[in-house]
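Observations on chain architecture
Below, each chain spelled out in residue letters.
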Amino acid sequence: SQFTVTVGTLFEGSHVALHTWFMAVYFLCSSKKGMSSHQLHRTLGVTYKTAWFMTHRIREAMRDSGGFDLMGGNGGTVEVDETFWGNKKPKGQKQGRGYAHKEKILSLVEREGGRVRSYHVERVNEATLKPILLQQIAEDTRIMTDEAGQYMHLHKSFAEHGVVSHGIGEYVRGDVHTNTIEGYFSVMKRGLTGTYHHVSKQHLKRYLSEFDFRYNYRKTDDLSRTVEALRGISGKRMMYRDSFAA
């Protein structure tokens, strides 16, 4: 039965037919900027609540479980930057410039057709970001960043640290630039804004897993990408209440 073959997977305990699950995974894998739960609910004929939960289960399948090796290495190049996803300022707070009220996203992107890893972080400072870089990036890597203060001391930890000064209008100096990661942020934000509209702090990390996954498998076709996502269902279990866990 369906319940037997789905034991030990993200589909365990679901009353949704497996063929419907497979269609949902395909739609989420083949849409460059994602597919909203409302669209999935209309397309598959399931309730919105069911579609919403299905999309979060699929994002869990897409999540990098740590199987990747360190990024960069052997003189490879990794671009590092942060961006902000933002909700409006709290009611009563004056509008104006600043990012304190926004959610912070750190991404690491390998050049030459490599991978991306993104993190929802509490703060954009050296104490928060540097441990992530040291854990995820090989020491013999060329790091590329902008001139932000949180990246000032990276030359002590990696083979080379290239810096572009965006503040004075410098974006490329030879092969020193962060254009690859800026392109990734562009796709991510078009998806978050145009497809998902409102993404809460609580669920942002799951959406980042989705965008990272599609980028990391961008060189495969839609069907192959779907198969890779389905590989991630095994050994994971997600109950409805888990969808609300941070």
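Residues numbered from 1 in each chain as written. Predicted model: local features only at pLDDT ≥ 70, side-chain atom pairs only at ≥ 80, totals over all residues. Heavy atoms only, no water.

**Some thoughts on unusual backbone geometry**
At Asn74, a residue that is not glycine, the phi angle is positive and equals roughly 55 degrees. By secondary structure assignment, the location of Asn74 is in the loop between helix 4 (48–62) and strand 1 (77–85). For Glu112, which is not glycine, the phi torsion reads 55 degrees and is therefore positive. Tracing the chain through its elements places Glu112 in the loop between strand 2 (103–110) and strand 3 (116–121). (Helix = DSSP H or I, 4+ residues; strand = E, 2+ residues; numbered from the N terminus.)

**Examining the environment of Ser37**
Tracing the chain through its elements places Ser37 in helix 3 (residues 37–44). Spatially, the C-alpha atoms of Ser37 and Thr50 are 8.7 Å apart, while their sequence positions differ by 13 residues. Setting aside anything within four residues of it in sequence, one finds Ser37 in contact with Tyr48, Ala51, Trp52 and Thr55. Within the structure, the side chain of Ser37 is placed 3.3 Å from the side chain of Thr55, a separation counted as a polar contact. (Contact = heavy atoms within 4.5 Å. Polar contact = N/O pair within 3.5 Å; in protein donor to acceptor, adjacent residues only side chain to side chain.)

**Brief notes about a nonpolar patch on the surface**
A cluster of nonpolar side chains, namely Tyr26, Leu223 and Val227, defines an oily patch on the protein surface of about 260 Å² accessible area. Its location among the elements puts Leu223 in helix 8 (residues 222–231). (Patch = residues over 30% accessible without salt bridge, like charges linked within 9 Å, V, L, I, M, F, W, Y side chains within 5 Å. Areas by Shrake-Rupley, 256 points an atom, 1.4 Å probe, with all protein chains shown as cover. Salt bridge = Lys/Arg side-chain N within 4 Å of Asp/Glu carboxyl O.)

**Structural notes on the packing of helix 6 (residues 179–196) against helix 7 (residues 204–216)**
Where helix 6 meets helix 7, the closest approach of the two axes is 11 Å, and the angle between their N-to-C directions is 125 degrees. The angle between helix 6 and helix 7 places the two elements in the oblique class. With respect to the hand of their crossing, helix 6 and helix 7 are arranged in right-handed fashion. In this structure, helix 6 uses Thr180, Tyr184, Val187, Met188, Gly191, Leu192 and Tyr196 to contact helix 7, whose residues at the interface are Tyr207, Leu208, Glu210, Phe211, Asp212 and Tyr215. When its residues are assigned to classes, the contact of helix 6 with helix 7 shows 9 nonpolar, 2 polar and 2 charged. (Axes fitted to C-alpha atoms, helices over the stretch in contact; angles between N-to-C directions. Parallel < 35°, antiparallel > 145°, perpendicular 65-115°, else oblique. Left-handed = near helix turned anticlockwise from the far one by under 90°. Nonpolar A, V, L, I, M, F, W, Y, C, P; charged D, E, K, R; others polar.)

**Points about the pairing of strand 4 (residues 142–146)**
The buried fraction of strand 4 amounts to 5 of the 5 residues, a majority that puts the element mostly inside the structure. Residues Arg142, Met144 and Asp146 point to one face of strand 4 and Ile143 and Thr145 to the other, with burial holding for every one of them. Here 3 bridges tie strand 1 to strand 4, and the two strands are oriented parallel to one another. Note that in strand 4 the partner of Val78 across the bridge is Ile143. In this structure, strand 4 lies alongside strand 5 (residues 160–164), joined through 5 bridges in parallel fashion. Counterpart to Ile143 in the pairing with strand 5 is His161. (Buried < 20%, exposed > 50% of the residue type's maximum accessible area, 1.4 Å probe, protein only. Pairing = 2+ DSSP bridges.)

**What to know about the pattern of salt bridges**
By the definition in use, this model includes 13 salt bridges. We note a salt bridge from Lys201 to Glu122, for which the minimum N-O separation is 3.6 Å. Remark: Glu122 occurs in the loop between strand 3 and helix 5 (126–136) and Lys201 occurs in the loop between helix 6 and helix 7; sequence separation between them is 79 residues. Arg173 is the salt-bridge partner of Glu170, the closest N and O atoms lying 2.9 Å from each other.

All quantities given are derived from atomic positions and should not be read as evidence of function.
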